[in-house]
Amino acid sequence: MQCWLMKSEPDVYSIDDLERDGSTYWEGVRNYSARNNMRKMTVGDLVLYYHSNAKPPGVVGVARVIKEAYADPHQWDRNSKYFDAKSTRDDPRWSMVDVEFVEKLPALVPLDTLKTTKGLEEMVVAKRGRLSVQPVTEKEFEIVKRIAHG
DNA sequence: GCCAACGTTGGC
DNA sequence: GCCAACGTTGGC
């Protein structure tokens with residue numbers, strides 16, 4: 001099983017929105033590294049749900065992959081902000097996955113804590129800010145969960 | 001709202 | 001294939 005971290009702005013789609021909906025499509029990823037990470041996901045992989053552009057930013061919950069990467073239909077929708085004229089039906093450029101709600105953590109784990117906690121120094125989110133879908137080791141995943149659960 | 005980091009685009 | 005210009009992300 002692999003673990004991941006996915007970022008969402010709470011003003012756009014928060015962990016509470018995911019809890020209410022039960023599951024969602026992770027549409028709109030338009031960065032190749034993030035897309036490539038999604039393409040490596042398999043059903044059952046666990047995801048740290050991270051609120052970016054939040055006060056404070058940090059991990060707020062856990063989700064699970066329930067559908068592996070498939071073409072994001074928004075790339076062919078002229079009216080979508082995710083439209084990409086260079087993406088063809090034969091060779092879709094952008095992918096998305098489906099995830100389901102697992103839990104909302106009892107406490108937010110702030111980015112600041114991720115950066116200073118022993119064992120988490122190498123987390124991508126702490127080193128390289130701008131990647132919206134990134135791998136996390138199982139060990140890192142467990143440490144983050146333990147912090148949140150006290 | 002600012003701006004640093006960094007990814008993408010496009011001219012050459 | 002280099003690199004300048006430009007756009008976006010996301011912390012602060």
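Residues numbered from 1 in each chain as written. Chains lettered and ligands numbered in written order. Predicted model: local features only at pLDDT ≥ 70, side-chain atom pairs only at ≥ 80, totals over all residues. Heavy atoms only, no water.

### Some words on helix 2 (residues 32–39)
Buried within helix 2 we find A34, R35, N37 and M38. Mapping the buried residues of helix 2 onto a view down its axis gives an arc of 160 degrees, with all of them on the same face. Of the residues that open helix 2, the one with a side-chain oxygen 3.0 Å from the backbone nitrogen of S33 is N31. (Buried < 20%, exposed > 50% of the residue type's maximum accessible area, 1.4 Å probe, protein only. Helix = DSSP H or I, 4+ residues; strand = E, 2+ residues; numbered from the N terminus. Arc of directions from axis to C-beta. Polar contact = N/O pair within 3.5 Å; in protein donor to acceptor, adjacent residues only side chain to side chain.)

### Re the protein's contact with DNA strand B
In the vicinity of DNA strand B, the contacting residues are N31, Y32, K86, R128 and R130. What you see for DNA strand B is that sugar and phosphate hold 84% of its atoms within 4 Å of the protein. For DNA strand B, a phosphate oxygen lies 3.4 Å from a polar atom in the backbone of Y32. The separation between a sugar or linking oxygen of DNA strand B and a polar side-chain atom of R130 is 2.7 Å. For the surface near DNA strand B, a count of residues per class yields 1 nonpolar, 1 polar and 3 charged. (Near = heavy atom within 4 Å. Nonpolar A, V, L, I, M, F, W, Y, C, P; charged D, E, K, R; others polar.)

### Digging into the layout of surface pockets
The gaps left among the atoms become clear once a water-sized probe is rolled over them. Considering only enclosed or pocket space, the largest pocket measures out at about 540 Å³ in volume. Considering the residues around the largest pocket, the lining is formed by 17 residues, among which K7, S8, V12, E27 and Y82 are closest to the centre. Counting residues per element, the ones that place at least two in the lining of the largest pocket are strand 1 (3–8) and strand 2 (23–25). Among the residues forming the lining of the largest pocket, the class breakdown is 6 nonpolar, 6 polar and 5 charged. (1 Å grid on protein atoms, 1.4 Å probe; cavity = no way out; pocket = protein on both sides within 12 Å on 5 of 7 lines; lining within 4 Å. Points joined across faces, edges and corners; volume = space filled by probe spheres on them.)

### Quick word on the protein's contact with DNA strand C
The environment of DNA strand C is formed by K7, Y50, S52, N53, P57, L111, K115, G129, R130 and L131. With respect to DNA strand C, the side chain of K7 contributes an N or O atom lying 3.0 Å from a phosphate oxygen. Within the contact set of DNA strand C, a phosphate oxygen lies 3.1 Å away from a backbone nitrogen or oxygen of N53. Residue composition of the surface near DNA strand C, by class: 4 nonpolar, 3 polar and 3 charged.

### Some remarks on the environment of R146
Following the sequence through the fold, R146 ends up in helix 5 (residues 138–149). Considered as a pair, R146 and V109 are 37 residues apart in the sequence and their alpha carbons are 10.0 Å apart.

### Considerations on the pattern of salt bridges
Applying the stated criterion across every chain yields a total of 8 salt bridges. Residues R20 and D21 are paired through a salt bridge, measuring 3.0 Å at the closest nitrogen-oxygen approach. Here the salt bridges share partners, and the residues they tie into one network are D17, R20 and D21. (Salt bridge = Lys/Arg side-chain N within 4 Å of Asp/Glu carboxyl O.)

### Quick look at the sheet that holds strand 4 (residues 58–71)
Spatial ordering of the open sheet is given by 2-5-4-3-1-6, a layout of 6 strands whose pairing is mixed. In this open sheet, the two edge strands, each paired with only one partner strand, are strand 2 and strand 6 (133–136). Each strand of the sheet is rotated relative to its neighbour by a mean of 35 degrees, with strand direction disregarded. Across 4 bridges, strand 1 lies against strand 6 in antiparallel orientation. Bridge pairing in strand 6 places L5 opposite Q134. (Pairing = 2+ DSSP bridges. Axes fitted to C-alpha atoms, helices over the stretch in contact; angles between N-to-C directions.)

### Brief notes about the nonpolar core
Within the largest apolar cluster, 20 residues are counted, with the highest numbers of intra-cluster contacts made by L5, L48, V59, L114, M123 and V144. Looking at this core, the element that brings in the most residues is helix 5, giving 4 residues. Look past the residues within four positions of V59 in its chain and what remains in contact with it is L5, L48, Y49, Y50, L105, A107, L108, V109, L114 and V144. Counting residues in hydrophobic clusters, the runner-up holds 19 residues, among them I15, L18, A34 and M41. (Core = buried A, V, L, I, M, F, W, Y, C linked by side-chain atoms within 4.5 Å. Contact = heavy atoms within 4.5 Å.)

Everything listed is a geometric property; what it means functionally is a separate question.
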